[in-house]
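Report on the structure
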Amino acid sequence: MNITVYTESTPNPATMKFLVNKLLLNGSVDYPTRESAETSPFAKELYKFNFVNGVFFASNFVTITKTEDAEWADIEPILKEFVKGATEAELRVKEVVTDENTAFEGTETEIKIQQILHDYVRPAVEQDGGAISYRSFEDGVVTVELRGSCSGCPSSTFTLKAGIESLLKRMVPEVTEVVSEAL
């Protein structure tokens with residue numbers, strides 16, 4: 001298979017999404033630090049570039065966060081070529097790849113919230129190179145975790161409040177607020 005790589009900007013100016021025409025993994029996995037990448041041959045190699053500051057994988061893309069001093073114009077071609085070569089060499093994203101569990105647990109309201117996040121919010125967040133995970137629902141407050149390009153993105157607060165919160169409030173009347181858990 002001839003691997004092609006193309007890039008898309010994300011709402012976070014420090015991250016770029018590198019898409020490939022091959023499935024990298026089912027689900028998503030975040031390697032926000034060099035230390036966390038020890039179990040990922042692919043992420044470990046990316047962190048050998050001194051301008052890489054974060055790595056996130058989902059389905060057919062890797063979102064890379066750069067250091068402040070790096071310029072996309074300088075590093076994008078280098079990273080694009082690396083992602084192409086690593087994908088062609090079948091460098092593994094995780095040592096053991098397992099399917100992401102989509103079985104929802106909790107009360108009827110919690111299951112409904114998780115289903116909405118999975119069906120409506122997750123695909124939109126993945127389009128921007130990120131991921132969202134449900135954490136809890138207590139006293140009307142839904143807590144989620146944002147990863148990938150969404151982590152630290154200047155527009156993530158707006159996305160959280162104007163997008164996700166308004167959707168959940170409309171579809172689940174018990175929801176009063178949505179907050180993001182800090183990593």
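Owing to the predicted nature of the structure, the values given are computational and were not obtained by experimental measurement.

This next bit is on the overall build of the protein chain. Of regular secondary structure, the protein chain possesses four helices and eight strands. The C-alpha radius of gyration computed for the protein chain amounts to 17 Å, which stays within 12% of the reference 16 Å derived for 183 residues, consistent with globular compactness. Referenced to the eigenvectors of the C-alpha coordinate spread, the extents of the protein chain come out at roughly 50 × 35 × 30 Å. Counting only residues that meet the buried cut, the protein chain has 45% of its 183 residues in that class. A separation threshold of at least 6 residues defines the contact pool for the protein chain, and within that pool the share at least 24 residues apart is 58%. Entry remark: accessible area of the protein chain is about 9500 Å², with carbon and sulfur atoms responsible for 51%. The averaged location of the 29 negative side-chain charges in the protein chain is 4 Å from the averaged location of its 17 positive side-chain charges.

Time to look at the packing of helix 3 (residues 108-127) against helix 4 (residues 156-171). At a closest axis distance of 11 Å, the pairing of helix 3 and helix 4 adopts a crossing angle of 130°. Relative to helix 4, helix 3 is oriented oblique. As for how helix 3 packs across helix 4, the hand of that crossing is right-handed. Here K112, I113, I116, L117, Y120 and V121 of helix 3 come into contact with helix 4, specifically with I164, L167, L168 and M171.

What follows is about the packing of aromatic side chains. For any pair of aromatic rings, the description consists of the separation of the ring centres together with the inter-plane angle of the planes. For the coordinates displayed, the defined rule picks out seven aromatic pairs. With a centroid separation of 5.0 Å and 70° between ring planes, the pair formed by F42 and F57 is classed as edge-to-face. With a gap of 15 residues between them, F42 in helix 1 (residues 41-46) and F57 in strand 4 (residues 52-58) connect regions that are remote in the sequence. Assessed through its relative accessible area of 0%, F42 is described here as buried. What makes F57 buried here is its relative accessible area of 0%.

Mapped onto the secondary structure, K94 falls in the loop between helix 2 (72-88) and helix 3. Residue classification places K94 among the buried residues on the basis of a relative accessible area of 17%.

Here we take up helix 2. Look at helix 2: 23 Å from first C-alpha to last across 17 residues, which is about the 24 Å you get at 1.5 Å a residue. Where helix 2 is concerned, the buried positions are W72, I75, L79, F82, V83, A86 and T87. Projected down its long axis, helix 2 carries its buried residues within an arc of 125°, all on one side. Along helix 2, exposed side chains directed more than 90 degrees from the buried face belong to A73, D74, P77 and E81. Where helix 2 is buried, its residues meet strand 1 (5-9), strand 2 (15-20), helix 1, strand 4 and strand 5 (61-66).

It is worth spelling out the environment of P13 at this point. When you line up the elements, P13 lands in the loop between strand 1 and strand 2. For the pair P13 and N50, spaced 37 residues apart in the sequence, the C-alpha separation amounts to 18 Å.

One open sheet holds the five strands; their spatial order is 1-2-5-4-3, and the pairing between them is antiparallel. Each of the sheet's edge strands pairs with one partner strand only, and the pair in question is strand 1 and strand 3 (28-31). On average, each strand axis in the sheet is inclined to that of its neighbour by 20°, with strand direction left out of account.

The next point concerns unusual backbone geometry. A positive phi is found at S59, a non-glycine position, where the angle reads about 35°. Within the element layout of this structure, S59 appears in the loop between strand 4 and strand 5. The exposure class assigned to S59 is partly exposed, which follows from its relative accessible area of 24%.

This brings us to the environment of I111. With respect to the helices, strands and loops of the structure, I111 is situated in helix 3. Each residue touching I111, except ones within four places of it in the same chain, is listed here: F104, E105 and G106.

Definitions and limits used
- Residues numbered from 1 in each chain as written.
- Predicted model: local features only at pLDDT ≥ 70, side-chain atom pairs only at ≥ 80, totals over all residues.
- Heavy atoms only, no water.
- Helix = DSSP H or I, 4+ residues; strand = E, 2+ residues; numbered from the N terminus.
- Rg over C-alpha atoms; globule rule 2.2 N^0.38 Å.
- Buried < 20%, exposed > 50% of the residue type's maximum accessible area, 1.4 Å probe, protein only.
- Contact = heavy atoms within 4.5 Å.
- Areas by Shrake-Rupley, 256 points an atom, 1.4 Å probe, with all protein chains shown as cover.
- Lys, Arg positive; Asp, Glu negative; His and termini not counted.
- Charge placed at Lys NZ, Arg CZ, Asp CG, Glu CD.
- Axes fitted to C-alpha atoms, helices over the stretch in contact; angles between N-to-C directions.
- Parallel < 35°, antiparallel > 145°, perpendicular 65-115°, else oblique.
- Left-handed = near helix turned anticlockwise from the far one by under 90°.
- Phe/Tyr/Trp six-rings, centres within 6.5 Å; stacked < 30°, edge-to-face > 60°.
- Expected span 1.5 Å × (residues − 1).
- Arc of directions from axis to C-beta.
- Pairing = 2+ DSSP bridges.

Limitation: the analysis is restricted to geometry and does not speak to function.
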